[in-house]
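# Breakdown of the fold
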Amino acid sequence: MIAFKILTAGQWVRFQADGVFSGAPVDLADGYIHLSTAEQLDETLARHFQGQVGLVIATVDLDLLGNALKWEVSRGGALFPHYYGVLSMSAVTAASPVVARDE
């Protein structure tokens, strides 16, 4: 099973260099790394990253996250994957830039 982490260009560069990602400011404040399923990804981008450029979507293999992955109720009552740990690059199976879409 996979989920996605949206990162700024700077976060992605640091993640690649360090091999681990402790979280964006919102993740650190909330105590877990916010992830989105494929069905949740577009709305997450629209709500939290509108107008930002240089974003990267990392595909995360949830099977590698173990018991630190929790499915918790969030936006609209939907279950979201929340990771209570430091994300290792070894759990990332792919990464791609966010391509702007014409509205």
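These lines cover the structure that appears in this document, whether it is placed above or below. (Residues numbered from 1 in each chain as written. Predicted model: local features only at pLDDT ≥ 70, side-chain atom pairs only at ≥ 80, totals over all residues. Heavy atoms only, no water.)

So, about the overall build of the protein. The helix and strand inventory of the protein stands at 3 helices and 8 strands. When the elements of the protein are put in sequence order from the N terminus, they spell out β-α-β-α-β-α-β-β-β-β-β. Relative to the compact-globule value of 13 Å for 103 residues, the protein shows a C-alpha radius of gyration of 13 Å, a close match. Principal-axis analysis of the C-alpha atoms places the extent of the protein at approximately 40 × 35 × 25 Å. By residue count, 39% of the 103 residues in the protein fall in the buried class. In the protein, once contacts between residues fewer than 6 apart in sequence are set aside, the share between residues at least 24 apart is 73%. (Helix = DSSP H or I, 4+ residues; strand = E, 2+ residues; numbered from the N terminus. Rg over C-alpha atoms; globule rule 2.2 N^0.38 Å. Buried < 20%, exposed > 50% of the residue type's maximum accessible area, 1.4 Å probe, protein only. Contact = heavy atoms within 4.5 Å.)

Before going further, it helps to spend a moment on the sheet that holds strand β3 (residues 33-34). Judged by pairing direction, the sheet is antiparallel, and its 3 strands sit side by side in the order β3-β6-β5 without closing on themselves. This sheet does not close on itself; its edge strands, each paired only once, are β3 and β5 (69-73). The pairing of β5 with strand β6 (residues 79-83) spans 5 bridges and is classified as antiparallel. Pairing of Leu-69 across the sheet is with Tyr-83, part of β6. (Pairing = 2+ DSSP bridges.)

The subject of this paragraph is the sheet that holds strand β1 (residues 2-7). With antiparallel pairing, 3 strands are arranged side by side in an open sheet as β1-β4-β8. The outermost strands of the open sheet, each flanked by one partner alone, are β1 and β8 (92-97). On average, adjacent strands in this sheet sit at an angle of 25 degrees to one another, irrespective of strand direction. Looking at chain direction, strand β4 (residues 56-61) and β8 are connected through 5 bridges and run antiparallel. Within β8, the residue paired with Val-56 across the bridge is Pro-97. (Axes fitted to C-alpha atoms, helices over the stretch in contact; angles between N-to-C directions.)

Another point: helix α1 (residues 9-18). Every α-helix winds through 3.6 residues per turn, so residues three or four apart in the chain are directed the same way. All of the buried residues along α1 are Gln-11, Trp-12 and Phe-15. All buried residues of α1 project into a common sector of 100 degrees when viewed along the axis, lining one side. Pointing more than 90 degrees away from the buried face of α1 are the exposed residues Val-13 and Ala-17. On its buried face, α1 sits against β1, β2 (20-21), α2 (25-30), β4, β7 (87-88) and β8. (Arc of directions from axis to C-beta.)

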